Amino acid sequence: MTRPQFVKKIRSFLRRDGIVLLVYSLLALLLTYPLITHLDTHVPGRGIDYPALAWNLWWVKFSVLNLGLSPLYTDYLFYPIGINLVAFTATFLNGVISIPLQFLFGVIVANNLIIYFTMIVGGYGTFLLAREILARHSIHSDFAAALAGAFYAFSAWHINYIAAGQFNLFSNEWLPFYALCLIRSDRTGWRNGALAGLFFAMTAWTELTFISFLGILTALYLMYLALANRDVLNKRFALNFAALVAVAVIGVSPLAISLLGDTLRYGYYLTSGLEYAHFFSAEPISFLIPSAQHPLLGEWATRITKANTSYAFVGWAGLILAVLGFCAQRASRQAHLWGALAIVFALVMLGPMLIVGGHVTEIPLPFAALRVIPFVNANRYPVRFNVLLMLALAVLIAFGAARLLSMRRGTITLGALGVLLAFEQLALPIPLSDLRAPTAYQTIHAEPGDFTVLDLPLGWRNSIVIQGKLDFKSQFFQAVHEKRLISGQTSRNPTFKFQYFLELPVINSLIALETGRETDATRLAQDRAAAPEVQRFFDIRYIQVQRARTDAPVLQYVQEIFPLTEIYLDEEYIIYHVEALSPSPGSIDPQSETARMFFDDTWGRPQRAAPGFGYRWATTSAARVWLPLSQADSRIKLRLMSPRPEQKVAVRLNNYPAGTLTVGDEWADYVVDIPAAARREGLSELVLATGTTPLHAARRENYAIGDTGLVSPVDIVATGAGFHAGKFGQIFVAGRSVIPDQRGYHLVAIDPSSGNVDRVAWFDTFADPTESARLAEFVAQLPLGEIVAGVAVDDVRHKLQPVAIDALRQLGVQGDVQFREGHAFVGVKGAQPGQALEQVDGRWPANVAVGKNVCSAQVSLALGGISFGQVDR
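Just so it is clear, the structure is predicted and the values come from calculations on it, not from any experiment. (Residues numbered from 1 in each chain as written. Predicted model: local features only at pLDDT ≥ 70, side-chain atom pairs only at ≥ 80, totals over all residues. Heavy atoms only, no water.)

So, the overall build of the protein chain
Move 1: Assigned secondary structure in the protein chain consists of 25 helices and 35 strands.
Move 2: Relative to its length of 873 residues, the protein chain is compact, with a C-alpha radius of gyration of 31 Å against a globular reference of 29 Å.
Move 3: If you line up the protein chain on its principal axes, its C-alpha atoms span 95 × 65 × 55 Å.
Move 4: Here the protein chain holds 873 residues, and 58% of them are scored as buried.
Move 5: In the form shown here, the protein chain has an accessible surface area of approximately 34,600 Å², with 59% of it arising from carbon and sulfur atoms. (Helix = DSSP H or I, 4+ residues; strand = E, 2+ residues; numbered from the N terminus. Rg over C-alpha atoms; globule rule 2.2 N^0.38 Å. Buried < 20%, exposed > 50% of the residue type's maximum accessible area, 1.4 Å probe, protein only. Areas by Shrake-Rupley, 256 points an atom, 1.4 Å probe, with all protein chains shown as cover.)

What to know about the sheet that holds strand β33 (residues 846–850)
Paired through backbone hydrogen bonds, the strands of a sheet run either parallel or antiparallel to each other.
Move 1: Within the open sheet, the 4 strands sit side by side as β27-β26-β25-β33. Their pairing is antiparallel. A single partner strand is all that each edge strand has here, and the edge strands are β27 (736–737) and β33.
Move 2: Across 5 bridges, strand β25 (residues 716–720) lies against strand β26 (residues 729–733) in antiparallel orientation. In the sheet register, Ile-716 faces β26, and the bridge partner there is Val-733. (Pairing = 2+ DSSP bridges.)

With respect to the environment of Thr-439
Move 1: Mapped onto the secondary structure, Thr-439 falls in the loop between β6 (432–434) and α18 (440–446).
Move 2: The exposure class assigned to Thr-439 is exposed, which follows from its relative accessible area of 58%.
Move 3: On a C-alpha basis, the gap between Thr-439 and Tyr-568 in space is 8.5 Å, while along the polypeptide they are 129 residues apart.

So, the side chain of Asn-386
Move 1: Within the element layout of this structure, Asn-386 appears in helix α16 (residues 386–405).
Move 2: A polar contact of 3.2 Å, which involves the side chain of Asn-386, links it to the side chain of Tyr-161. (Polar contact = N/O pair within 3.5 Å; in protein donor to acceptor, adjacent residues only side chain to side chain.)

Some points on the pattern of salt bridges
Move 1: Taken as a whole and assessed by the stated rule, the structure comprises 29 salt bridges.
Move 2: A salt bridge links Arg-461 to Asp-49; the nearest nitrogen and oxygen atoms lie 3.0 Å apart. Placement of the pair is Arg-461 in strand β8 (residues 459–461) and Asp-49 in the loop between β1 (42–44) and α2 (50–66), with a sequence separation of 412 residues.
Move 3: Look at Arg-461 and you get buried, because its relative accessible area is 9%.
Move 4: A relative accessible area of 18% means that Asp-49 is categorised as buried.
Move 5: As a salt-bridge pair, Asp-600 and Arg-624 come within 2.8 Å of each other at their nearest N and O atoms. You can see Asp-600 sitting in the loop between β15 (586–588) and β16 (607–608) and its partner Arg-624 sitting in strand β18 (residues 622–627), a full 24 residues away along the chain. The same class applies to Asp-600 and to Arg-624, which are both buried.
Move 6: Linked by salt bridges that have partners in common, Glu-132, Arg-136, Arg-184, Asp-186 and Arg-187 make up one network. (Salt bridge = Lys/Arg side-chain N within 4 Å of Asp/Glu carboxyl O.)

With respect to the side chain of Lys-469
Move 1: Position of Lys-469 among the secondary structure elements: in the loop between β9 (466–468) and α19 (474–481).
Move 2: From its side chain, Lys-469 meets the backbone oxygen of Arg-549 in a polar contact 2.9 Å long.
Move 3: Not counting residues up to four positions away in its chain, the partners in contact with Lys-469 are Pro-457, Leu-458, Gly-459, Glu-514, Arg-549 and Asp-551. (Contact = heavy atoms within 4.5 Å.)

Details of the packing of helix α4 (residues 107–135) against helix α8 (residues 175–183)
Move 1: Axis separation between α4 and α8 bottoms out at 8 Å; the angle between their running directions is 25 degrees. Overall, the two elements α4 and α8 adopt an arrangement that is roughly parallel. Considering how the two elements wind past one another, α4 and α8 form a crossing that is left-handed. Contacts between α4 and α8 involve Val-121, Gly-122, Tyr-124, Gly-125, Thr-126, Leu-128, Leu-129, Glu-132 and Ile-133 from the first element and Pro-176, Phe-177, Ala-179, Leu-180 and Ile-183 from the second.
Move 2: Counted by class, the contact of α4 with α8 contains 10 nonpolar, 3 polar and 1 charged residues. (Axes fitted to C-alpha atoms, helices over the stretch in contact; angles between N-to-C directions. Parallel < 35°, antiparallel > 145°, perpendicular 65-115°, else oblique. Left-handed = near helix turned anticlockwise from the far one by under 90°. Nonpolar A, V, L, I, M, F, W, Y, C, P; charged D, E, K, R; others polar.)

Here's the deal with empty space enclosed by the protein
Move 1: Under the criterion given, the structure shown has 6 cavities of 30 Å³ or more.
Move 2: Here the largest cavity defines a volume of roughly 130 Å³.
Move 3: Residues that form the lining of the largest cavity fall into these classes: 9 nonpolar, 4 polar and 2 charged.
Move 4: Size it by volume and the second largest cavity reaches roughly 70 Å³.
Move 5: Considering the residues around the second largest cavity, the lining is formed by Leu-53, Leu-57, Thr-91, Asn-94, Asn-111, Ile-114, Ile-115, Thr-118, Phe-167, Phe-170 and Ser-171.
Move 6: Examining the composition of the lining of the second largest cavity, we find that 4 residues originate from one element, α4, more than from any other. (1 Å grid on protein atoms, 1.4 Å probe; cavity = no way out; pocket = protein on both sides within 12 Å on 5 of 7 lines; lining within 4 Å. Points joined across faces, edges and corners; volume = space filled by probe spheres on them.)

Looking at the sheet that holds strand β32 (residues 837–841)
Move 1: Taken together, the 5 strands give an open sheet; going across it, the order is β29-β28-β30-β31-β32, and neighbouring strands pair in antiparallel fashion. Here the strands that pair on one side only, and so sit at the sheet edges, are β29 (757–763) and β32. Strand-to-strand twist across the sheet, computed as the mean angle between neighbouring axes with direction ignored, equals 10 degrees.
Move 2: Sheet topology places strand β30 (residues 787–793) next to strand β31 (residues 822–828); 6 bridges connect them, and they run antiparallel. The residue bridging Ala-792 from the neighbouring strand is His-823, located in β31.

What to know about the nonpolar core
Move 1: Residues Phe-385, Leu-389, Val-625, Leu-686 and Ile-866 are the most contacted members of the largest nonpolar core, which totals 225 residues.
Move 2: The dominant element in this core, judged by the number of residues it contributes, is α16, at 16 residues.
Move 3: Once residues within four sequence positions are removed from consideration, Leu-686 is found in contact with Ala-623, Arg-624, Val-625, Leu-627, Ile-636, Leu-638, Val-651, Arg-652, Leu-653 and Ile-866. (Core = buried A, V, L, I, M, F, W, Y, C linked by side-chain atoms within 4.5 Å.)

A closer look at the pairing of β30
Move 1: β30 sits mainly inside the fold: 7 of its 7 residues count as buried.
Move 2: In the sheet, strand β28 (residues 744–750) pairs with β30 via 7 bridges, with the strands oriented antiparallel. Bridging from a neighbouring strand, Ala-749 pairs with Val-788 of β30.

Here we look at α8
Move 1: The buried count for α8 comes to 9 of 9 residues, which makes it a mostly enclosed element.
Move 2: Restricting attention to buried positions, one finds in α8 the residues Leu-175, Pro-176, Phe-177, Tyr-178, Ala-179, Leu-180, Cys-181, Leu-182 and Ile-183.
Move 3: Of the surrounding elements, those touching the buried residues of α8 are α4, α5 (142–154), α9 (191–206), α10 (209–228), α11 (235–266) and α16.

Quick notes on the pairing of β29
Move 1: For β28 and β29, the ladder comprises 6 bridges, and the chain directions are antiparallel. Residue pairing across strands places Leu-747 opposite Ala-761, the latter belonging to β29.

Quick notes on a nonpolar patch on the surface
Move 1: Among the surface-exposed residues, Leu-296, Trp-316, Leu-319, Val-323, Leu-420 and Phe-423 lie close enough to one another that they form a single nonpolar patch of about 550 Å² accessible area.
Move 2: Elements with a minimum of two residues in the nonpolar patch: α13 (316–326) and α17 (410–424).
Move 3: For the nonpolar patch, the element with the most residues is α13, which contributes 3 residues.
Move 4: By the element assignment, Leu-319 lies in helix α13.
Move 5: The exposure class assigned to Leu-319 is partly exposed, which follows from its relative accessible area of 33%. (Patch = residues over 30% accessible without salt bridge, like charges linked within 9 Å, V, L, I, M, F, W, Y side chains within 5 Å.)

This is the structure we're talking about:
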């Protein structure tokens with residue numbers, strides 16, 4: 001291309017597209033007012049999402065440029081276990097785009113500029129899509145296409161995502177570009193297919209939920225081509241589609257690999273909360289009533305209906321234009337396609353069952369089918385399909401506007417509809433939230449070292465559950481102090497990511513106090529004894545207190561167990577410096593309360609060896625332990641036993657090869673020396689790498705079932721957590737999970753000769769008094785001598801009847817389960833009360849085991865304790 005040709009193209013672009021971009025820019029500033037007047041101090045949003053989503057931008061920059069690590073994972077939250085951010089709404093691409101903006105203006109300004117960018121680019125992409133489709137029908141109307149782009153980018157459904165601070169769902173700007181390149185895949189070559197794949201990947205790196213939407217859109221478009229225009233499905237299209245798939249797969253693969261690894265480790269946890277889908281579904285009236293954010297009609301709308309209108313409202317003017325476009329003769333085939341897509345996506349937004357007036361009917365809808373498709377069912381909120389509904393309607397609106405412009409006096413009608421469209425889609429003013437951090441955070445940032453800030457209130461959140469309480473701004477303030485946090489927010493998480501913290505001393509007490517429970521004198525004394533080890537483990541140097549959300553008992557508790565000095569106080573926050581403790585040699589007793597800190601999910605629960613010490617079995621070929629090592633050369637002493645003789649165990653510390661041990665099948669002590677250069681600030685990661693052995697082949701345990709006199713032929717593990725201990729239940733027989741994780745009593749009958757599971761039953765004795773009789777009947781039908789494992793999950797006491805308690809006594813159970821306590825036992829039918837292996841607990845998960853105390857079909861080695869300290873020279 002010659003220079004004159006290039007200049008001519010630029011001028012043509014500015015003349016045709018520049019005006020559209022300018023108008024969209026002005027609309028972005030106007031419809032987000034008063035954001036422009038608080039650009040460097042506030043971000044849009046009410047509720048609880050906006051601080052964590054603004055944090056995303058900082059994390060991408062900090063992880064890549066400061067830490068030199070992938071942004072897909074962080075242990076700066078949920079420290080030290082960390083969290084996979086692919087399952088979070090992490091908006092990685094927005095983070096990358098924001099990096100130069102952060103250098104120039106800081107995180108808050110960068111966040112707000114990204115909001116403007118998203119609106120303008122999303123509108124422009126829709127403008128290009130509409131213009132392309134109109135041109136294919138010999139309709140040349142930039143105004144009609146620009147109106148379509150404005151509807152997509154600036155309507156109430158989109159603005160309300162800003163108002164709610166849900167920047168991830170607002171960031172849908174690449175979807176119209178994908179649709180544009182998809183319909184251009186009938187052209188010669190492979191370029192448009194590759195571009196479609198690129199926009200698919202860009203969508204995934206912005207908001208992962210949207211790629212299942214694009215998959216559905218693509219499948220429906222291919223169905224349309226196959227039915228209505230088969231001539232398009234030729235080699236040319238196949239080449240483009242192959243390029244699309246190839247580029248998309250390459251682009252998405254890092255995200256997919258990361259998420260797959262997490263799923264293989266923790267199970268498929270992406271659908272947690274799917275049962276709440278009806279709360280996030282639209283009703284038919286939702287499409288026709290303005291949102292509560294409307295400055296004039298909002299109050300009236302909320303009196304009319306409680307349905308979700310904020311993200312579903314189409315508007316009467318938009319509906320009229322869409323119907324006109326659908327009926328346009330010159331665009332019949334394409335209009336019918338986009339009309340059909342709009343109907344499909346509107347139906348999906350209505351949820352799994354039709355809801356009318358807040359009442360969930362028994363009428364099934366398309367979303368119910370999507371709930372069984374892997375990964376697609378990770379989207380728990382039907383109303384989020386609004387992005388595809390509005391995109392389809394935008395195309396129809398372009399057709400409708402073009403039709404009116406071609407009619408006599410149609411311009412007047414279009415002008416009137418345009419005014420009505422602009423009015424009914426208003427969602428002003430945008431709520432703003434101040435994200436400026438206390439000045440003391442600069443002091444924390446200036447202190448060298450990799451350490452932890454403890455935020456109060458202390459909590460962990462996914463989109464469904466909050467454990468403890470949370471100051472939602474505290475995560476964003478990490479962008480200022482850049483130190484680690486024990487707490488954190490995510491979207492979806494494995495149970496372990498919450499349970500780990502719930503089972504830690506001191507942390508458990510903080511959660512209890514934050515949720516209105518008391519800590520007695522015995523517990524307080526135990527926490528005082530454990531607090532120094534907890535402080536050293538996490539290296540807690542500062543405690544930040546949000547005064548309005550931190551109850552007096554919580555503040556009093558931390559003042560009693562930590563050595564604190566107040567360094568900052570204002571109306572909103574108190575910040576304490578935690579006095580440093582002198583280094584000391586450390587040891588880990590695997591059965592102590594504090595031991596839970598050091599072990600991740602690759603280890604089983606503690607059990608006791610015959611010589612009288614505690615130990616844990618590792619369940620993977622690379623088991624981790626976290627150690628707070630000193631800055632000098634260190635010596636680590638390990639008590640180990642393997643499931644087979646002369647097993648090689650490679651020891652690594654922070655990827656430093658510390659040596660290879662030959663571990664026998666009897667307990668013995670082993671020593672490794674670690675140079676100071678191998679340790680790191682904060683916690684060092686000790687990895688014991690070795691082969692695994694099937695559970696049935698590693699039988700060096702006590703298989704006696706309490707005092708029943710019976711020996712089990714298989715490993716049995718039972719864990720029942722009460723309401724305050726995690727509300728979960730597990731029964732593993734021979735390394736296999738055999739019960740669902742639901743509230744109530746679960747009983748598993750096991751053949752005493754073969755170890756096979758004979759029967760499994762579940763009884764919700766919390767909700768239904770007749771369940772106790774069913775439980776008693778289940779026990780009565782078992783033969784004498786049958787092994788029975790049982791757990792009580794969440795709360796079983798509310799409607800538990802004496803007949804059920806008497807039945808459990810026949811299994812050797814003696815414990816009296818109280819309100820919200822957990823219960824775990826392994827007994828035998830015909831045993832006397834008290835002879836079963838049994839535990840009842842309300843604070844911690846109740847846990848018993850026959851054989852190895854692991855929820856796994858394999859083990860690698862057993863660890864009977866660790867001691868570590870400085871090497872004397």
